[in-house]
Amino acid sequence: MTRPVLLTGASGALGRQLAPALAAAGLTLRLTDIAPFPDALAANASFTRADLEDGVAILRLAEGCGTIVHFGGVSVERPFEEVLGPNIRGLYHIYEAARREGARVVFASSNHTIGFHERKVTLDADCPFRPDGFYGLSKAYGELMGRLYWDKHGVENVNLRIGSSFPRPVDSRMLSTWLSYADLCRLVLRCILAESTGHAVIWGASDNSRTWWRRDHRGRIGWAPADTADVFAAELEGKLSGNPVSERYQGGAFCAIEYSRKE
Ligand code: 15L
């Protein structure tokens, strides 16, 4: 039988999609977040409020779990000091808990780990990191933490380099980066159920023909996206940001935040 799954960030936009989907798949869920869980709880789910910076609380929550689906922490660009606690120290608590329990980690990484690659290039998942801010840097650290814990302790981890997961794409960039909620939920379920993963990196995007991303480790978990942003192309193709820095790089508007490079 599958051991319980701990889902952090359960009260966030993506956590609220994942909680009912994973519960409906029959998994026993422990949900946690620093904010209250706003939705009805499934019979096979419980919720505990906790701060990722509280290592003892995280260890307790992870007891007996086979997977930690880590969607908690800061999810947009913020000043360094705000990112530090949840995304750096908090991530260490997640990995220490996974090590103790022999659990797999499914990590919500982000396209902002590679945001300063230009849009004209197509990337494989083993491309160099080019973070576009402190948030993207913290996600790159998270992926490298996974690398370390797999190499040193055999802690399996799947790092989902999520593009833009929203109800629908809203601009031309998202014709390349959109991940539908349904594809996200199927992806995370496969990450939990897959026989073995090692340290894996997977682009979190639907089947978008305008994609900037190519090879990754999805073959290990048996996932392929079913949705596509292409059906929104006629409506969104001309919907540009108007900012040349945003339009040049894959990370879009995050690249333009406090951008001060001259050439
Ligand atoms: C992310 O990592 C953010 O969490 C999300 O809010 C979006 O900004 C997304 O990236 C994106 O790049 O569209």
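Look a little higher up for the structure.
Residues numbered from 1 in each chain as written. Predicted model: local features only at pLDDT ≥ 70, side-chain atom pairs only at ≥ 80, totals over all residues. Heavy atoms only, no water.

Engineer: Outline the sheet that holds strand β7 (residues 199–204), listing residues and values.
Structural biologist: Here we have seven strands laid out as an open sheet, ordered β3-β2-β1-β4-β5-β6-β7, and parallel in their pairing. Unpaired on one side and paired on the other, β3 (45–49) and β7 mark the two borders of the sheet. Here the strands of the sheet are splayed against their neighbours by 20° on average, with no regard to which way each runs. In this structure, strand β1 (residues 5–8) lies alongside strand β2 (residues 29–33), joined through four bridges in parallel fashion. Counterpart to Thr8 in the pairing with β2 is Thr32. Contacts from helix α1 (residues 15–24) reach β1, β2 and β4 (67–70), with the element oriented near 170° to β2. The sheet contacts of helix α6 (residues 181–193) involve β1, β4, β5 (104–110), β6 (157–162) and β7, and relative to β6 the element is tilted by about 165°. (Pairing = 2+ DSSP bridges. Helix = DSSP H or I, 4+ residues; strand = E, 2+ residues; numbered from the N terminus. Axes fitted to C-alpha atoms, helices over the stretch in contact; angles between N-to-C directions. Contact = heavy atoms within 4.5 Å.)

Engineer: With reference to specific residues and values, describe the site of the ligand.
Structural biologist: With respect to spatial proximity, the complete set of residues near the ligand consists of Ser75, Ser110, Asn111, His112, Tyr135, Gly163, Ser164, Phe166, Arg173 and Phe254. In the model, an oxygen atom of the ligand is placed 2.9 Å from a nitrogen or oxygen of the Arg173 side chain. When the free accessible area of the ligand is taken as 320 Å², the share hidden by the protein chains comes to 80%. (Near = heavy atom within 4 Å. Polar contact = N/O pair within 3.5 Å; in protein donor to acceptor, adjacent residues only side chain to side chain. Areas by Shrake-Rupley, 256 points an atom, 1.4 Å probe, with all protein chains shown as cover.)

Engineer: Give a detailed account of the packing of aromatic side chains, specifying residues and quantitative values.
Structural biologist: Aromatic rings considered in pairs are described by the distance between their centres and by the relative angle of their planes. Scanning the entire structure with this criterion turns up nine aromatic pairs. Ring plane angle 50° and centroid distance 5.1 Å describe the contact between Tyr95 and Tyr149, whose orientation is recorded as tilted. Residue Tyr95 is found in helix α3 (residues 80–101), and its partner Tyr149 is found in helix α4 (residues 134–153); the two are separated by 54 residues along the sequence. Under the relative-accessibility criterion, Tyr95 is labelled buried at 0%. Consider the rings of Trp178 and Phe232, whose centres lie 5.7 Å apart with planes at 80°: the pair is edge-to-face. Of the two residues, Trp178 sits in the loop between α5 (174–177) and α6 while Phe232 sits in the loop between β7 and α7 (233–236), which places them 54 residues apart along the sequence. (Phe/Tyr/Trp six-rings, centres within 6.5 Å; stacked < 30°, edge-to-face > 60°. Buried < 20%, exposed > 50% of the residue type's maximum accessible area, 1.4 Å probe, protein only.)

Engineer: Hey, could you go over the side chain of Asn208 for me, with residue numbers and the actual values?
Structural biologist: Tracing the backbone shows Asn208 in the loop between β7 and α7. In this structure Asn208 comes out as buried when scored by relative accessible area, which is 3%. A distance of 2.9 Å separates a polar atom in the side chain of Asn208 from the backbone oxygen of Trp178. Setting aside anything within four residues of it in sequence, one finds Asn208 in contact with Leu175, Ser176, Thr177, Trp178, Thr228, Ala229 and Asp230.

Engineer: Can you lay out the nonpolar core for me, pointing to particular residues and giving the numbers?
Structural biologist: By size, the foremost hydrophobic cluster in this structure holds 33 residues, and its most contacted members are Leu18, Val69, Phe71, Leu160 and Val188. Among the elements that take part in this core, α6 stands out by supplying seven residues, more than any other. Setting aside its immediate chain neighbours within four residues, Phe71 contacts Thr8, Gly9, Leu14, Leu18, Ala108, Leu160, Ile162, Leu184 and Val188. Core analysis: the second largest hydrophobic core is formed by 20 residues, Ile58, Ala62, Ala97 and Val105 among them. (Core = buried A, V, L, I, M, F, W, Y, C linked by side-chain atoms within 4.5 Å.)

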